[in-house]
Amino acid sequence: MKKVLITGAAGFLGSHLCDKFIDEGYHVIGMDNLITGDLKNIQHLMPSERFEFHHHDVTKFVHVEGDLDYILHFASPASPIDYLKIPIQTLKVGSLGTHNLLGLAKAKNARILIASTSEVYGDPLVHPQNEEYYGNVNAIGPRGVYDEAKRFQESMTMAYHRFHGLETRIVRIFNTYGPRMRLNDGRVIPAFIGQALRGEDLTIFGDGLQTRSFCYIDDQIDGIFKLLMSDYVFPVNIGNPHEITIKEFAEEIIELTGTKQKIVHKELPQDDPKQRQPDISLAKKILNWEPKIGRKEGIKITYDYFKSLPIEELNKKEHKDFSEHNKK
Ligand code: UDP
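Residues numbered from 1 in each chain as written. Predicted model: local features only at pLDDT ≥ 70, side-chain atom pairs only at ≥ 80, totals over all residues. Heavy atoms only, no water.

> What is the right way to read the nonpolar core from this model?
General note: in soluble globular proteins, nonpolar side chains tend to be found buried as a group. Membership of the largest hydrophobic core comes to 59 residues, with the highest contact counts inside it found for I6, F21, V28, L72 and F74. Once residues lying within four places of it in the same chain are set aside, the contact partners of L72 are V4, L5, I6, T7, L17, F21, L113, I224 and L228. Residues V58, V62, I71 and Y160 belong to the second largest nonpolar core, which totals 20 residues. (Core = buried A, V, L, I, M, F, W, Y, C linked by side-chain atoms within 4.5 Å. Buried < 20%, exposed > 50% of the residue type's maximum accessible area, 1.4 Å probe, protein only. Contact = heavy atoms within 4.5 Å.)

> What is the right way to read helix α9 (residues 295-307) from this model?
Between its first and last C-alpha atoms α9 spans 18 Å; for 13 residues at 1.5 Å apiece the expected length is 18 Å, and the two agree. Buried residues belonging to α9 abut β7 (176-177), α5 (188-198), β10 (215-216), β12 (243-245), α7 (246-257) and α10 (311-315). (Helix = DSSP H or I, 4+ residues; strand = E, 2+ residues; numbered from the N terminus. Expected span 1.5 Å × (residues − 1).)

> Even after reading the chapter, I still don't get the site of the ligand, so can you show me in this structure?
Near the ligand you find 18 residues, and of these T203, F205, R212, D272 and R276 are the closest. A distance of 2.9 Å is found between an oxygen atom of the ligand and a side-chain nitrogen or oxygen belonging to N175. Between the ligand and the protein, one listed contact pairs an oxygen atom with a side-chain N or O atom of Q210 at 3.0 Å. Taken by itself the ligand offers 520 Å² of open surface, and the protein chains cover 96% of this. Residue composition of the shell around the ligand, grouped by class: eight nonpolar, four polar and six charged. (Near = heavy atom within 4 Å. Polar contact = N/O pair within 3.5 Å; in protein donor to acceptor, adjacent residues only side chain to side chain. Areas by Shrake-Rupley, 256 points an atom, 1.4 Å probe, with all protein chains shown as cover. Nonpolar A, V, L, I, M, F, W, Y, C, P; charged D, E, K, R; others polar.)

Shape descriptors only; they carry no functional weight alone.
Structure below.
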């Protein structure tokens, strides 16, 4: 039986990846330090004999017994609010954590896929963003801790590929949403849906004319799986190219939820990208992949998920106290 290690297993993307690999018949080792992840995302997998959970921080030496066929490195805070609160951990998991996992992949002769991000393009001057674009990133701004960690991660991964001949894959993930997103991580989709469910006004940052393109989780997982199984070593964008302004998106949420609340404007965070849309020609060509689930359908499933959560979860303002984690 093939064995896969998934880091960030208790997070949004990581937990869906665990499901995918269990469904595909693999033995799955899920690893997470649970700073931003939540065990309830993988609770349903615990009874399976093909699933094991390792509570571990990948910025420390990573030890796994026996053989490994694949490693998927998905451990990282991934929302602007999180990486502002835990900037040092964010830098460490992208750099030191990636180094440890590349080393593990080399030792086990495993193929490794690294989760990169559209943030490597920064506030892009090329639109839509294709993989050739080098990006426009402010290294020392608040988002720099995430953006530069991910750029370093890509660089380190290519060096392991070129120097050690390691089998590596790099996915550049664009905004993705769906069930198990953290309700209070500050990301726009859980923010708007949470506000609508609690009867609060919807908070648009800035004028709302900035754009994003939202990909449903099942499409994202499908793309990642296909990339891992392909033989392409350079970065590949995976996302949904259907672009929308945040203002239009807020109006869609108001219509879907039937909330009587209004839209209020708040200050735009520093270095918030003005536009973002993946060019997915490469993924179409080499993976024969493109998203299948439209925003209306995906948002409805996501809304139903948030609506089904216990009321205490809905009203919880913040998940955890992160302050300790920057010191470690
Ligand atoms: N945003 C917003 N209101 C919110 C949360 C986010 O208007 O309550 C905006 C944010 O400024 C950004 C966009 O929505 O322009 C997407 O934000 P998110 O944090 O989801 O992801 P990003 O793509 O910026 O990493």
